[in-house]
Amino acid sequence: MKYSLSYIICFFAFFAFLSFVSCDNVPRGDTVGPDIPSMDSLQVYLDKANKGDVEAEFIAGVLLQSKQSKQDSIKAFEYLKSSAESGYSPAERAIAYELLDSTSSKYNAKEGIEMLSKSAEHGHLRAKLELSDFYFEGKNVAVDVEKALKLYREGLEGLFKLANERNSKAQWILGSSFIDGSYLPQSNEQGKVWLKKSAEANNAFGQLLYGISFLGGESKDFNSAFYWINEANKKKLTESYAKLAELYRNGFGTSQDINKAFELYLEGAKLGDQEAIFSVAYCYGQGQGVEANQSEAFKWYKKLADLGNVSAQNNIGAMYQNGTGVAKDSSEAFKWYMKAAKGGNSLAECNVGRCYASGEGVEKDLTEAVKWFTKSAEHGNPQGYSALAYCYAYGLGVAKDLSKAMYWQDRANIR
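These remarks concern the structure in this document. (Residues numbered from 1 in each chain as written. Predicted model: local features only at pLDDT ≥ 70, side-chain atom pairs only at ≥ 80, totals over all residues. Heavy atoms only, no water.)

**What to know about the overall build of the chain**
Thinking step 1. Within the chain, the secondary structure is distributed over 22 helices and 0 strands.
Thinking step 2. A compact globule built from 415 residues should have a C-alpha radius of gyration of about 22 Å, and the chain, at 24 Å, falls within 12% of that.
Thinking step 3. Within the chain, the fraction of its 415 residues that count as buried is 46%.
Thinking step 4. For the chain, the share of sequence-separated contacts (at least 6 apart) that also reach a separation of at least 24 residues comes to 47%. (Helix = DSSP H or I, 4+ residues; strand = E, 2+ residues; numbered from the N terminus. Rg over C-alpha atoms; globule rule 2.2 N^0.38 Å. Buried < 20%, exposed > 50% of the residue type's maximum accessible area, 1.4 Å probe, protein only. Contact = heavy atoms within 4.5 Å.)

Rendered as structure tokens:
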């Protein structure tokens, strides 16, 4: 979660965090939750969960969630709910975010805050930090700076204490917080210090994030990136497959091997990683590392589109519009473009405008076309710029205005 508080909070963090290292007043129950094992361990945890083990219920729930099928999601929620009802703070946090997700059928902001509060009260350090955000910003609760500062301080104190006690999960959480500037002043140097500790302690997420840290900035180190991301992948960390595949695809830190890249994308996709799913679809569409197969490309884009990925939804729209990998269907194309557009995809917004302009898949309506072209342009899409410029130049759906036409076309030409 990106931190977005005022200067006073950053000031507090910067001058206070040094004292946290030696803090010794953290409650015994403070935790960041268990590390989540690979999907291979699912049956082991299901067996334990079915015997009432609350930690196993939580882990089984998280693993089932990552499978992303409707049936698995239902079962995942049941396990997480059972664990949460036993007072297990990581499960309470997981349920809280299900309830706080406005796109979820279970959305209930009031109950979500209550559950996140329970998790924080039961010692979950990330829940404390996250709850502090809600109180600082008045999201679903009344602004309470005093309570927010208390939660914020307790959360950071606990994280530093656990990290200094060699808790590798706390170490990678601190490392990532420093690197992305969430809850702590942004510092790549400090971030890498903590990620290195986690990676060397054999934590898969620590290894992945530490490896990724070598890919940014001016002094990239592809060999180190490959080494650590590969270490994470040896543990079958779902998120590592696509990252490692990118290194093979580009020949960074290893010999270029697009076939190996596709194999890794496919393994990650089968485990439910959305980045990997998108890449598998793209590879099938472009014939990269695998023989081109538009039907397979459509299948994988559709899987991702059904999960709400707006880029995949836009691509599905294009495939229906062009009859690529699926029978041509203008109405279906418009439907998927609209889904992606409502999700904020700027290219899909332009495509919706084009459908209205041509009457393809929907009744022709130039006024609606201009509305969607404008949305696309305002969201920075070059194709939206050009389409809007054309409408102003010829007075299509809007009063002719050459100065506005030139303005938007100039924007389109600056790339």
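**Quick word on helix H13 (residues 240-250)**
Thinking step 1. Within H13, burial applies to Ser240, Tyr241, Ala242, Leu244, Ala245, Leu247 and Tyr248.
Thinking step 2. Buried residues in H13 make contact with helix H11 (204-213), helix H12 (222-234), helix H14 (258-270) and helix H15 (274-286).
Thinking step 3. Just downstream of H13 lies Gly251, where phi reads positive at about 70°.

**Things to note about empty space enclosed by the protein**
Thinking step 1. Tallied over the full model, the rule gives 1 cavity of 30 Å³ or more.
Thinking step 2. Of the pockets and cavities examined, the largest cavity occupies roughly 30 Å³.
Thinking step 3. Surrounding the largest cavity, Arg249, Ile258, Ala261, Phe262, Tyr265, Cys283, Gln288 and Gly289 form its lining.
Thinking step 4. Of the residues in the lining of the largest cavity, the class split is 5 nonpolar, 2 polar and 1 charged. (1 Å grid on protein atoms, 1.4 Å probe; cavity = no way out; pocket = protein on both sides within 12 Å on 5 of 7 lines; lining within 4 Å. Points joined across faces, edges and corners; volume = space filled by probe spheres on them. Nonpolar A, V, L, I, M, F, W, Y, C, P; charged D, E, K, R; others polar.)

**Comments concerning the nonpolar core**
Generally speaking, nonpolar side chains in soluble globular proteins are found buried as a group.
Thinking step 1. Membership of the largest hydrophobic core comes to 119 residues, with the highest contact counts inside it found for Leu159, Val280, Trp300 and Val352.
Thinking step 2. If you tally residues by element for this core, the top one is helix H8 (residues 145-164), at 8 residues. (Core = buried A, V, L, I, M, F, W, Y, C linked by side-chain atoms within 4.5 Å.)

**Overview of the pattern of salt bridges**
Thinking step 1. This model, assessed by the stated rule, comprises 18 salt bridges.
Thinking step 2. In this structure, Lys302 engages Asp306 in a salt bridge whose closest nitrogen and oxygen atoms are separated by 3.0 Å.
Thinking step 3. Overlapping salt bridges, with partners in common, bring together Asp30, Lys128, Lys150 and Glu154 in one network. (Salt bridge = Lys/Arg side-chain N within 4 Å of Asp/Glu carboxyl O.)

**Examining the environment of Ala201**
Thinking step 1. Within the fold, Ala201 resides in the loop between helix H10 (188-200) and H11.
Thinking step 2. Ala201 gets classed as partly exposed once you look at its relative accessible area, which sits at 42%.
Thinking step 3. In sequence terms Ala201 and Asn167 are 34 residues apart; their C-alpha atoms lie 8.7 Å from each other.
Thinking step 4. Ignoring any residue separated from it by four or fewer positions in sequence, one finds Ala201 in contact with Ser168 and Gln171.

**Some details on the environment of Ala312**
Thinking step 1. By the secondary structure assignment, Ala312 is in helix H17 (residues 310-322).
Thinking step 2. Taking relative accessible area as the criterion, Ala312 reaches 0% and is therefore assigned buried.
Thinking step 3. In sequence terms Ala312 and Ala232 are 80 residues apart; their C-alpha atoms lie 27 Å from each other.
Thinking step 4. When neighbours within four sequence positions are excluded, Ala312 is seen to be in contact with Phe278, Tyr301, Leu304 and Ala305.

**Section: the packing of aromatic side chains**
The geometry of an aromatic ring pair comes down to the distance between the two centres and the angle between the two planes.
Thinking step 1. As enumerated under the stated definition, the model contains 16 aromatic pairs in all.
Thinking step 2. The interplanar angle of 10° and the centroid separation of 4.2 Å between the aromatic rings of Phe222 and Phe252 together place this pair among those described as stacked. On the criterion of sequence distance, the pair formed by Phe222 in helix H12 and Phe252 in the loop between H13 and H14 is long-range, its members being 30 residues apart.
Thinking step 3. Note on Phe222: relative accessible area 27%, which makes it partly exposed.
Thinking step 4. Exposure remark for Phe252: the relative accessible area of 31% places this residue in the partly exposed category. (Phe/Tyr/Trp six-rings, centres within 6.5 Å; stacked < 30°, edge-to-face > 60°.)

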